[in-house]
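# Descriptive analysis of the structure
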Amino acid sequence: MQPAAVPTERSTDMAANVVATMRQLGVLGLPRNYEIFYEALSGTNRELSLAVVSLASRPTQDELDQIGRTFFAHNHGPGIVEHARDVIARELEEVASLLRSERSHIEKYGRILDETSSGLSGRSLLSQDLLQKIANAMAVATNSTIDHGRQVASTLSDKTAELESVKSKLEEYKRLADTDPLTHIWNRRAFDKEITRIYNSNRGILFNALVLADIDRFKDINDRYGHPVGDKIIQSIADIFQTSIRGDMFVARTGGEEFALIIEGASEDATYDVAERIRALIAQTPFTSSQAGTNYGTVTVSMGICMASEAEGPEDLYTKADRALYRSKVSGRNRVTRHSTMAGPRAGKSWLLYKKD
């Protein structure tokens, strides 16, 4: 077998396996369903694989969509928001109805008080028996009003809890929508918002730096070993990024094999040291498969740095950091380049993929 044929056959085998599994389970051939089973069968997301395994022999579309909303929020956002909107509208209408009912009871109680007061003022003599009847009637009316108020308060408390639950789900969706499903770090959408935030204040401009990183010769890795292996390498590199930085630093996967790191409160030298440390760690990490006993060889990344103060805005910052990254690539890869050491323009990629939330 020729090595060049391996990735094609593996990709074909994976696609055939996904289709066969979906057919066996009676799953509709929808793109969102295919994405679930492809990720589950490739083994790149253990939690997703366990969720699919726990499905019944004939899963419903609702069950599959629930998995999709959990692991692929970016594809289910409109549905999640629409459902939340419907729940909020319904709950608010019920709250309004409760308040109208409470107002009606209070107005009724007020009329009883007015009628009682008018009746008492119109009589010159009041017998003990009449006073007892008035007291009993007022006690009944008061207790009824108090009981109704307690019921309304209890129901409003329940409605508040339900609305808090919807709010929590929306916040979770927002987090998922900003999270890369493969690596569980921030995604390009979150990065676009974070890089824009830098230029909202003079402090952001003075004390922020952007580091762009790109896995070297990643296409060769995918072609030789297949996309599932490539995905595992991306996950491993994302883990190295996340465990090598402070908690207040921002790291995102901004493309297939591309990462971005935003560092606040560090000089250019300190930023370079962080990037260089991560680059060295990746180059020194063995990328192997314990199950297959395969050594995938050395994996390296190239990086580019630009300080926010060197750029006129978010797009210019991204372009200049990308220019430095490109210099690392053409200079031999597996290195970090500062934009401040360069001269001469080069066209960069557009940084803003999500102009609006």
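Refer to the preceding data block for the structure.
What counts, and where the lines are drawn
- Residues numbered from 1 in each chain as written.
- Predicted model: local features only at pLDDT ≥ 70, side-chain atom pairs only at ≥ 80, totals over all residues.
- Heavy atoms only, no water.
- Salt bridge = Lys/Arg side-chain N within 4 Å of Asp/Glu carboxyl O.
- Helix = DSSP H or I, 4+ residues; strand = E, 2+ residues; numbered from the N terminus.
- Buried < 20%, exposed > 50% of the residue type's maximum accessible area, 1.4 Å probe, protein only.
- Polar contact = N/O pair within 3.5 Å; in protein donor to acceptor, adjacent residues only side chain to side chain.
- Core = buried A, V, L, I, M, F, W, Y, C linked by side-chain atoms within 4.5 Å.
- Axes fitted to C-alpha atoms, helices over the stretch in contact; angles between N-to-C directions.
- Parallel < 35°, antiparallel > 145°, perpendicular 65-115°, else oblique.
- Contact = heavy atoms within 4.5 Å.
- Nonpolar A, V, L, I, M, F, W, Y, C, P; charged D, E, K, R; others polar.

### Quick notes on the pattern of salt bridges
According to the stated counting rule, one finds 14 salt bridges in the structure shown. Across the pair Asp-178 and Lys-193 runs a salt bridge whose closest N-O atoms are separated by 2.9 Å. Highlighted residues: Asp-178 in the loop between α6 (128–177) and α7 (188–198) and Lys-193 in helix α7, separated in sequence by 15 residues. The salt bridge partner of Glu-276 is Arg-279, with a shortest N-O separation of 2.5 Å. One end of the pair, Glu-276, and the other, Arg-279, are both in helix α11 (residues 268–284), three residues apart, so they sit about a helical turn from each other. Glu-276 gets classed as partly exposed once you look at its relative accessible area, which sits at 23%. A single salt-bridge network, built from bridges that share partners, covers Asp-178, Arg-189 and Lys-193.

### Some details on unusual backbone geometry
If you check the backbone angles, His-184 has positive phi at about 65° while not being a glycine. With respect to the helices and strands, His-184 occurs in the loop between α6 and α7. Residue Arg-217 is not a glycine yet carries a positive backbone phi of 50°. For Arg-217, the location among the structural elements is in the loop between β1 (208–215) and α9 (218–225).

### Looking at the environment of Arg-277
In this structure, Arg-277 sits in helix α11. The exposure class of Arg-277 is partly exposed, given its relative accessible area of 40%. In this structure, the C-alpha to C-alpha distance between Arg-277 and Phe-241, residues 36 residues apart in sequence, is 9.9 Å. Polar contacts involving the side chain of Arg-277 include one to the main-chain carbonyl oxygen of Ser-244, which spans 2.6 Å.

### Overview of the nonpolar core
Ile-237, Phe-241, Phe-259, Leu-261, Ile-278 and Met-303 are the most contacted members of the largest nonpolar core, which has 33 residues in total. Take this core: its biggest share by element is seven residues, from helix α10 (residues 227–243). In this structure, Ile-195, Ala-252, Cys-306 and Ala-311 belong to the second largest nonpolar core, which totals 18 residues.

### Details of the packing of α7 against helix α12 (residues 314–330)
Here α7 crosses α12 at 110°, and the two axes come no closer than 9 Å. In terms of axis orientation, α7 runs roughly perpendicular to α12. Touching Arg-188, Phe-191, Ile-195, Thr-196 and Ile-198 of α7 are Pro-314, Leu-317 and Tyr-318, all from α12. When the residues that make up the contact of α7 with α12 are grouped by side-chain class, the tally is six nonpolar, one polar and one charged.

By themselves, these observations are geometric and do not establish any function.
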